[in-house]
Amino acid sequence: MIRLWVVIPAFNETDVIRDVVKGVRAFYPDVVVVDDCSADDTVEMALHAGATVIRHPINLGQGAALQTGIRYALGRGAQYIVTFDADGQHRPDDINVLVDTHLRTGADIVLGSRFLGQSENIPWLRKMLLRLAIIFTRVESGLKLTDAHNGLRMLTRRAAEGIRIRQNRMAHASEIIHQIARLKLTIAEAPVTIVYTEYSLRKGQRLSNAISILADLFVARLKK
Amino acid sequence: MIIQIVLIAGLLLSLLYGIVQRQRSWLLSNAIAIVSLSGIYLVVFPERTNQVAHLVGVGRGADLILYCWLVISIIVSMHLHLQILHVQELITEVARELALTGARRSE
């Protein structure tokens, strides 16, 4: 049995978190939900579904929640860490696809790709935005990926110890890719399915976020 | 003139602040001191601003002061922005440590 922890960052996900945690735990029992100071019953729902719950005392953002979860999982001796979105857009059985891809390729990080796999009900504007993000990633990090901003990914312990997410908000996806390139970690992509529900679209990224992500990344460069 | 006294008083305060900052950052301290002393000089001899302005290719002394003020404001804003980001990082670390000590599980 591999020691795999699933990290789920969550913010106001009462409606879906229970099913998401239960779905994941059907395959992998070690689930940590990092509640980013939700105002609803996310914590209770996640606890009820059997997850370990860590609650940020203030809202810090998804990137910060991921880093907190990764820290916790490393502390619990995880050999593999999977990051999984709370809004129900990932399929729990896709974690197996990530694991299989790792076992086959030996890559330090396996990234889920909706463009290798399937994306159901993807709006055209989102598709275009994601394509642009892929081009941006290619130029910025030199990594040729088919999907740069997928919340479903698997890190080996070595990779998780090396990567340090400092982008608290949404720029963390680009930051992770940047650090993968810098740390010279090996990477593989696995086909996964993204289910765009009305709920996940409402909670998801908008065009205006893309602009603030670029601004965050620019400022991060200034600080170095 | 009253305005000269007010401006010089303000610039002296700024000079004092610059000197106090010496231990924190030598560069910042000197920059503040130079700006404050130049300011005092130009308040005492306002006609000099026109000469300096012509020297660097600006029409009027008042315009030159305005441009300098603009540049200084941008630098100060960026500096403050970076400081805020640094404080945010510290807050994140504190909040994370606090969160990690309170991990819960329903058994």
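Residues numbered from 1 in each chain as written. Chains lettered and ligands numbered in written order. Predicted model: local features only at pLDDT ≥ 70, side-chain atom pairs only at ≥ 80, totals over all residues. Heavy atoms only, no water.

Overview of the layout of surface pockets
Summary: where empty space remains is shown by rolling a probe the size of a single water molecule over the atoms.
Residues and elements named next belong to chain B.
Inference 1: When its volume is computed, the second largest pocket comes out at roughly 1,000 Å³.
Inference 2: Together, 26 residues line the second largest pocket, and Ala-31, Ile-32, Val-35, Ser-36 and Ile-72 are the ones closest to its centre.
Inference 3: Within the residue set of the lining of the second largest pocket, elements represented by two or more residues are α1 (2–20), α2 (26–44), α3 (47–56) and α4 (61–101).
Inference 4: For the lining of the second largest pocket, the leading source of residues is α4, giving 10 residues.
Inference 5: Across the lining of the second largest pocket, the residue classes break down as 17 nonpolar, eight polar and one charged.
Inference 6: Lining the lining of the second largest pocket are residues from two domains, each supplying at least three of them: domain 1 (1–45) and domain 2 (62–107). (1 Å grid on protein atoms, 1.4 Å probe; cavity = no way out; pocket = protein on both sides within 12 Å on 5 of 7 lines; lining within 4 Å. Points joined across faces, edges and corners; volume = space filled by probe spheres on them. Helix = DSSP H or I, 4+ residues; strand = E, 2+ residues; numbered from the N terminus. Nonpolar A, V, L, I, M, F, W, Y, C, P; charged D, E, K, R; others polar. Domains from an automatic or database assignment.)

Here we look at the nonpolar core
Residue and element names in this part refer to chain A.
Inference 1: By size, the foremost hydrophobic cluster in this structure holds 29 residues, and its most contacted members are Leu-4, Val-6, Ile-8, Val-33 and Ile-95.
Inference 2: What Ile-95 contacts, discounting residues up to four positions off in sequence, is Leu-4, Val-6, Val-24, Tyr-28, Val-82, Phe-84 and Leu-152.
Inference 3: By size, the runner-up hydrophobic cluster in this structure holds 28 residues, among which are Trp-5, Ala-65, Ala-73 and Ile-109. (Core = buried A, V, L, I, M, F, W, Y, C linked by side-chain atoms within 4.5 Å. Buried < 20%, exposed > 50% of the residue type's maximum accessible area, 1.4 Å probe, protein only. Contact = heavy atoms within 4.5 Å.)

A few points about the pairing of strand β6 (residues 153–156) of chain A
Residue and element names in this part refer to chain A.
Inference 1: Judged by which residues are buried, β6 turns out to be covered on both faces: Arg-153 and Leu-155 on one side and Met-154 and Thr-156 on the other are all buried.
Inference 2: Pairing geometry for strand β4 (residues 80–83) and β6, over four bridges, is antiparallel. Note on β6: the bridge partner recorded for Tyr-80 is Thr-156. (Pairing = 2+ DSSP bridges.)

Digging into the packing of aromatic side chains
All names here are of chain B.
Inference 1: Applying the stated criterion across every chain yields a total of two aromatic pairs over all chains.
Inference 2: Taking 5.2 Å as the distance between ring centres and 55 degrees as the angle between the ring planes, the aromatic pair formed by Tyr-41 and Phe-45 counts as tilted.
Inference 3: Tyr-41 sits in the partly exposed class, given a relative accessible area of 39%.
Inference 4: Accessibility expressed as a relative area gives 37% for Phe-45, which makes it partly exposed. (Phe/Tyr/Trp six-rings, centres within 6.5 Å; stacked < 30°, edge-to-face > 60°.)

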